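This is what each chain is made of:
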Amino acid sequence: FFFRTVEQHYIHYTIMADDPEEEGDEVTLNSDKITEIIDESIKTTLNSVSWNSKKVDQWTSNIIEHTLKRLAEMKKPFKYIVTAVIVQKTGAGLHSAFTAYWDNSADGICSVPYENDTIHCITTVYGLKLD
């Protein structure tokens, strides 16, 4: 049998955004905008690269930090958790799942998959509304 090693790197950060909204304004997660931010972060980092295990830590940090910076710029009353998983594309599948006990009307998740010829990446943003 032939086994291939697939390296996985997980980095988790949390940031709190300021709340510039006035009392009474309804604030929700904008999944289209968050998807756009994640997509931009991934493509800026991974679009023209090939797998290199020595660069994965930097790639995940770049994706997460860029995503968090852009989310904070939205100035919404949410705590954000951003995760990025990058693995070498070897023909094996990559699956991701989550479960949460939260307020479905206020909290949310947005996950964006990406792949090129040598890399699989899944970047996920969890948005938890501040009370």
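Residues numbered from 1 in each chain as written. Predicted model: local features only at pLDDT ≥ 70, side-chain atom pairs only at ≥ 80, totals over all residues. Heavy atoms only, no water.

1. Some details on the confidence of the model for the chain
Consideration 1: Model confidence for the chain is summarised by a mean pLDDT of 83, while 80% of its residues fall at 70 or above.
Consideration 2: The low-confidence segment residues 1-24 (pLDDT under 50) makes 59 contacts with residues lying over four places distant or belonging to another chain. (pLDDT = per-residue confidence, 0-100. Contact = heavy atoms within 4.5 Å.)

2. Digging into unusual backbone geometry
Consideration 1: Unusually for a residue other than glycine, Lys75 sits at a positive phi of about 50°.
Consideration 2: Along the chain, Lys75 turns up in the loop between helix 2 (56-73) and strand 2 (78-88). (Helix = DSSP H or I, 4+ residues; strand = E, 2+ residues; numbered from the N terminus.)

3. As for the nonpolar core
Consideration 1: Counting 25 residues, the largest nonpolar core has Ile42, Leu46, Leu71 and Ile86 as its most contacted members.
Consideration 2: Within the residue set of this core, elements represented by two or more residues are helix 1 (31-46), helix 2, strand 2, strand 3 (108-115) and strand 4 (119-129).
Consideration 3: In contact with Ile42, not counting residues within four places along its chain, are Asn47, Ile63, Val112, Tyr114, Cys121 and Thr123. (Core = buried A, V, L, I, M, F, W, Y, C linked by side-chain atoms within 4.5 Å. Buried < 20%, exposed > 50% of the residue type's maximum accessible area, 1.4 Å probe, protein only.)

4. Focus on the pattern of salt bridges
Consideration 1: Tallying each qualifying case throughout the model produces five salt bridges.
Consideration 2: A salt bridge links Arg70 to Glu73, with the nearest nitrogen and oxygen atoms 3.6 Å apart. Here Glu73 and Arg70 lie together in helix 2, a separation of three residues that amounts to about one turn.
Consideration 3: Classification of Arg70 as buried rests on a relative accessible area of 18%. (Salt bridge = Lys/Arg side-chain N within 4 Å of Asp/Glu carboxyl O.)

5. Here we look at helix 2
Consideration 1: With 18 residues, helix 2 extends 26 Å from end C-alpha to end C-alpha; this agrees with the ideal 26 Å at 1.5 Å per step.
Consideration 2: Of the positions making up helix 2, those classed as buried are Val56, Trp59, Thr60, Ser61, Ile63, Ile64, Thr67, Leu68, Arg70 and Leu71. (Expected span 1.5 Å × (residues − 1).)

6. Observations concerning the side chain of Thr123
Consideration 1: By the element assignment, Thr123 lies in strand 4.
Consideration 2: For Thr123, a relative accessible area of 0% gives the class buried.
Consideration 3: Excluding anything up to four places from it in sequence, Thr123 contacts Ile38, Ile42, Ile63, Val82, Thr83, Ala84, Cys110, Ser111 and Val112.

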